[in-house]
Amino acid sequence: MLDFKKNQELIVDIISEGYEGEGVAKPEGFPIFVSGALKGEKVKIRLVKVSKNHGYGKLIEILEPSKERVEPVCPIYKRCGGCQLQHMSYEEQLRFKKNRVTDCLERIGKLKDVVIHPTLGMDNPLRYRNKVQLPVGRGETEPAIGFYAARSHEIINLQQCYIQHQVGDEVVQLTRSWMKEYNIQAYDEESGSGVVRHVMIRKGFKSGEAMVVLVTNTAKFPHKEEFINLIVQNIPDVKSIIQNINTKKTNVVLGLENITLWGSDTISDYIGPFKFNISPLSFFQVNPVQTEVLYGKTLEYAELTGEEVVFDAYCGTGTISLFLSQKARKVYGVEIIEAAIINARENAVLNGIENAEFFVGEAEKVIPELISQGKKADVVVVDPPRKGCEKSLIEAIAKMGPRRVVYVSCDPATLARDLAIFETLGYKTIEVQPVDMFPQTAHVECVALITRNI
Ligand code: SAH
């Protein structure tokens, strides 16, 4: 066997891909991860890290490119940590995501006979995000505003971000020029000094309304009027300018205090027929176009006739609950964050929905409580965070015996684990639909349909 050493140069064939879309070579059976290399390519690499079971190679030269390789649209793609797949054709990105789901279901879930559909992609997989939140730091010649480089806190100064709505680029440039003109200090993570920490922009794709939030390290906002005037004069869609104060030494972006500097406290937007009021702190899906696709699939899999009682576990601000309520007799939403439940109740009122009720607490505690009070769901929807569902929740659901469970997942590995648990409890996974919520990035979202065996 070859003895692989750091700094050694090798020519390798990329035979598969890792979870982040990185290429994987296996000379002598030894896995080497090569960021930026694609399956099917022959590349020259330098080993930058070697451990017992695997290594990492830096791509030096592409000797035989894949036909799926494309020129990234973004000039800072290689340095910025925001996207991982811009060097892959969009068709290949969709295939990569489907393969990742298949791989997890087979290897982790040991599931067979599950139909995995081709990933539902976007017609235009750029400029899809309605929210951008960027750290501000001290660059060499001007304030640096941009994403961090991968696995680092170095801010890569950006002029344009091709996955955000254009208004984000305009606000970033205006903020930078305002900071330069009035010599406003950017926040310094090390010392905790400086004024401007983050800039956040939200844009309602259907309403057209834009919100600008400047997160400051100080209660004082120097040259406030100049900032407001600059934004209002240049961004005609702006409806709200907010100062968010965050004086803590933390990686959490937003503080708890919001001061509306200009316009209204919230902006509104729509998903499907439903209207939502959005404040700086409220959760709102970032890809509104694909959210409708995802929720549409969820509703289709739920197969509601109007008679059913539905549990929506991990309901967030109740968006899925509202979609389900159109076709169900009653929906019970459960979510751990109280502020989200307050939003969910407001959203129900705003949309005249009277058959949805919301509860604060851990789904694994609240759902068994609802069941013990005699509430029984015909259909259950779960949409957990990356770590997936608690086993006790899956057991409680299976014991109640709903006809169908619809599982919305942002991590195919934990999805596969949880589907396997359902299989041991009298349920079967019928089909999985990956939906591309985050084009150009390695994130994989999907909806699975699980039905009771008899
Ligand atoms: N279904 C929502 C949001 C899903 S994100 C939508 O489509 O918009 C996952 C949600 O699960 C988050 O809002 C998070 O706060 C919540 N959560 C995390 N752990 C939880 C738990 N143990 N019980 C209930 N909710 C939880």
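Basis of the calculations
Residues numbered from 1 in each chain as written. Predicted model: local features only at pLDDT ≥ 70, side-chain atom pairs only at ≥ 80, totals over all residues. Heavy atoms only, no water. Axes fitted to C-alpha atoms, helices over the stretch in contact; angles between N-to-C directions. Helix = DSSP H or I, 4+ residues; strand = E, 2+ residues; numbered from the N terminus. Left-handed = near helix turned anticlockwise from the far one by under 90°. Contact = heavy atoms within 4.5 Å. Nonpolar A, V, L, I, M, F, W, Y, C, P; charged D, E, K, R; others polar. Buried < 20%, exposed > 50% of the residue type's maximum accessible area, 1.4 Å probe, protein only. Polar contact = N/O pair within 3.5 Å; in protein donor to acceptor, adjacent residues only side chain to side chain. Pairing = 2+ DSSP bridges. Salt bridge = Lys/Arg side-chain N within 4 Å of Asp/Glu carboxyl O. Near = heavy atom within 4 Å. Areas by Shrake-Rupley, 256 points an atom, 1.4 Å probe, with all protein chains shown as cover. Expected span 1.5 Å × (residues − 1).

Focus: the packing of helix 1 (residues 90-107) against helix 9 (residues 412-424)
In step 1: Contact pair helix 1 / helix 9: the axes reach a minimum separation of 8 Å and the direction vectors enclose 35°. Note on packing geometry: the crossing formed by helix 1 with helix 9 is right-handed. Between helix 1, through Arg100, Val101, Cys104 and Leu105, and helix 9, the contact on the second element is made entirely by Pro412, Ala413, Ala416 and Leu419.
In step 2: Here the residues of the contact of helix 1 with helix 9 are counted per class, giving 7 nonpolar, no polar and 1 charged.

Some thoughts on the side chain of Arg404
In step 1: In this structure, Arg404 sits in strand 19 (residues 404-409).
In step 2: Accessibility expressed as a relative area gives 13% for Arg404, which makes it buried.
In step 3: Here Tyr301 takes part through its backbone oxygen, which lies 2.6 Å from a polar atom of the side chain of Arg404.

Things to note about the sheet that holds strand 6 (residues 115-116)
In step 1: Read from one edge of the open sheet, 8 strands run 6-20-21-19-18-15-16-17, paired in mixed fashion. The two strands at the open ends of the sheet, each matched to only one other strand, are strand 6 and strand 17 (356-360).
In step 2: Here strand 20 (residues 427-435) pairs with strand 21 (residues 445-452) via 8 bridges, running antiparallel. Its bridge partner lying in strand 21, Tyr427 is registered against Arg452.
In step 3: Helix 9 contacts strand 19, strand 20 and strand 21 of the sheet and is inclined by roughly 165° relative to strand 19.

A few points about the pattern of salt bridges
In step 1: Scanning all chains against the criterion turns up 23 salt bridges.
In step 2: As a salt-bridge pair, Glu142 and Arg176 come within 3.7 Å of each other at their nearest N and O atoms. In this pair, Glu142 sits in the loop between strand 7 (131-138) and strand 8 (143-145) while Arg176 sits in helix 2 (residues 166-181), placing the two residues 34 residues apart along the sequence.
In step 3: Between Lys365 and Glu362 there is a salt bridge; the shortest N-O distance is 3.4 Å.
In step 4: One salt-bridge network, held together by shared partners, links Glu9, Lys44 and Arg46.

Observations concerning the site of the ligand
In step 1: Around the ligand, a shell composed of 17 residues is seen, among which Tyr295, Tyr314, Glu335, Ala363 and Asp383 lie nearest.
In step 2: Thr319 has a polar side-chain atom sitting 3.1 Å from an oxygen atom of the ligand.
In step 3: Measuring from a nitrogen atom of the ligand, one finds a side-chain N or O atom of Asp383 at 2.8 Å.
In step 4: Burial of the ligand by the surrounding chains reaches 85%, relative to a free accessible area of 570 Å².

Focus on helix 1
In step 1: Taking 1.5 Å per residue, 18 residues should reach 26 Å; helix 1 reaches 26 Å between its end C-alpha atoms and fits that length.
In step 2: On its buried face, helix 1 is in contact with strand 1 (9-17), strand 6, helix 9, strand 20 and strand 21.

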